[in-house]
Amino acid sequence: MFGTPGRHSDPADDHGEYEARTVRPYAVTGGRVRAANSDLPLEALVEVLPGAVSSHGLPPEKRAILQHAAHTFVSVAELSALLRLPLGVVRVLVTDLSESGFIRVHTSTPVSVHTGQSPALSLSVLESVLNGISAL
């Protein structure tokens, strides 16, 4: 038998699984290949907002994202691996959930306190200032 060790595989099942994987991600995103915020980094952390876990009427993939991120912060890359979906699809789904108010996405991009826009001081500049103050 071919397949993974310890697992009996039927060639017909493998074909159906392959077919589902090639068609399904396109259908999950409604044909969209990019999220509105296409700059969503791999390491961005997803936080579920209160009351979002019990939301009904969402597709299974979006509910799975909410379930995985319900108890801890999960990165976009981790969600992609856990759901076994391409990264681009997960980015679209995460952006949709964020825009709908189900989740909050945390990125490492600093934001200016005065303008609310990026980039503010980079982390390396802040570390340099801290090291300089410590040296005094």
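Our structure is the block above this text.
## What about the overall build of the chain?
Moving on, step 1. When helices and strands are counted, the chain shows five helices and three strands.
Moving on, step 2. Put simply, the chain runs from its N terminus to its C terminus through helices and strands in the order α-β-α-β-α-α-β-α.
Moving on, step 3. Scored against the burial criterion, the 136 residues of the chain give a buried share of 28%.
Moving on, step 4. Looking at the chain alone, contacts between residues at least 24 apart form 63% of all its contacts between residues at least 6 apart.

## Focus on the pattern of salt bridges
Moving on, step 1. Inspection of every chain in the model, using the stated rule, returns two salt bridges.
Moving on, step 2. The shortest N-O distance in the salt bridge between E47 and R104 comes to 3.3 Å. You can see E47 sitting in strand β1 (residues 45-48) and its partner R104 sitting in strand β3 (residues 103-106), a full 57 residues away along the chain.
Moving on, step 3. Judged by relative accessible area, R104 falls into the partly exposed class, the value being 42%.

## What to know about the nonpolar core
Moving on, step 1. The biggest cluster of nonpolar side chains holds 23 residues, and the ones touching the most others in it are L66, V94 and I103.
Moving on, step 2. Taken together, the elements giving at least two residues each to this core come down to β1, α2 (60-68), α3 (76-83) and α4 (87-99).
Moving on, step 3. Tallying contributions element by element places α4 first for this core, with five residues.

## As for a nonpolar patch on the surface
Moving on, step 1. On the surface, a cluster of nonpolar side chains totalling about 250 Å² of accessible area is made up of V125, V129 and I133.
Moving on, step 2. One can find I133 in helix α5 (residues 123-135).
Moving on, step 3. On the basis of relative accessibility, which here comes to 54%, the residue I133 falls in the exposed class.

## With respect to the sheet that holds β1
Moving on, step 1. A sheet is described by the order of its strands in space; here three strands give the open sequence β2-β1-β3, paired in antiparallel fashion. What marks the edges here is a single partner per strand, and that holds for β2 (74-75) and β3.
Moving on, step 2. Packing against the sheet, α4 makes contact with β1 and β3, and its axis sits at approximately 120° to β3.

## Quick look at the environment of P41
Moving on, step 1. By the element assignment, P41 lies in the loop between α1 (11-28) and β1.
Moving on, step 2. Sequence separation of P41 and S108 is 67 residues, and the distance between their C-alpha atoms is 8.8 Å.
Moving on, step 3. The contacts of P41, once residues within four sequence positions are left out, are V76, R91 and T107.

## Notes on the side chain of S80
Moving on, step 1. Summarising the element assignment, S80 is placed in helix α3.
Moving on, step 2. Judged by its relative accessible area of 12%, S80 is buried.
Moving on, step 3. In contact with S80, not counting residues within four places along its chain, are L85, P86, L87 and V90.

## Re the side chain of K62
Moving on, step 1. Counting through the fold element by element, K62 comes out in helix α2.
Moving on, step 2. Excluding residues within four positions of it along the chain, K62 makes contact with L93, D96 and L97.

Reading the values: the criteria
- Residues numbered from 1 in each chain as written.
- Predicted model: local features only at pLDDT ≥ 70, side-chain atom pairs only at ≥ 80, totals over all residues.
- Heavy atoms only, no water.
- Helix = DSSP H or I, 4+ residues; strand = E, 2+ residues; numbered from the N terminus.
- Buried < 20%, exposed > 50% of the residue type's maximum accessible area, 1.4 Å probe, protein only.
- Contact = heavy atoms within 4.5 Å.
- Salt bridge = Lys/Arg side-chain N within 4 Å of Asp/Glu carboxyl O.
- Core = buried A, V, L, I, M, F, W, Y, C linked by side-chain atoms within 4.5 Å.
- Patch = residues over 30% accessible without salt bridge, like charges linked within 9 Å, V, L, I, M, F, W, Y side chains within 5 Å.
- Areas by Shrake-Rupley, 256 points an atom, 1.4 Å probe, with all protein chains shown as cover.
- Pairing = 2+ DSSP bridges.
- Axes fitted to C-alpha atoms, helices over the stretch in contact; angles between N-to-C directions.

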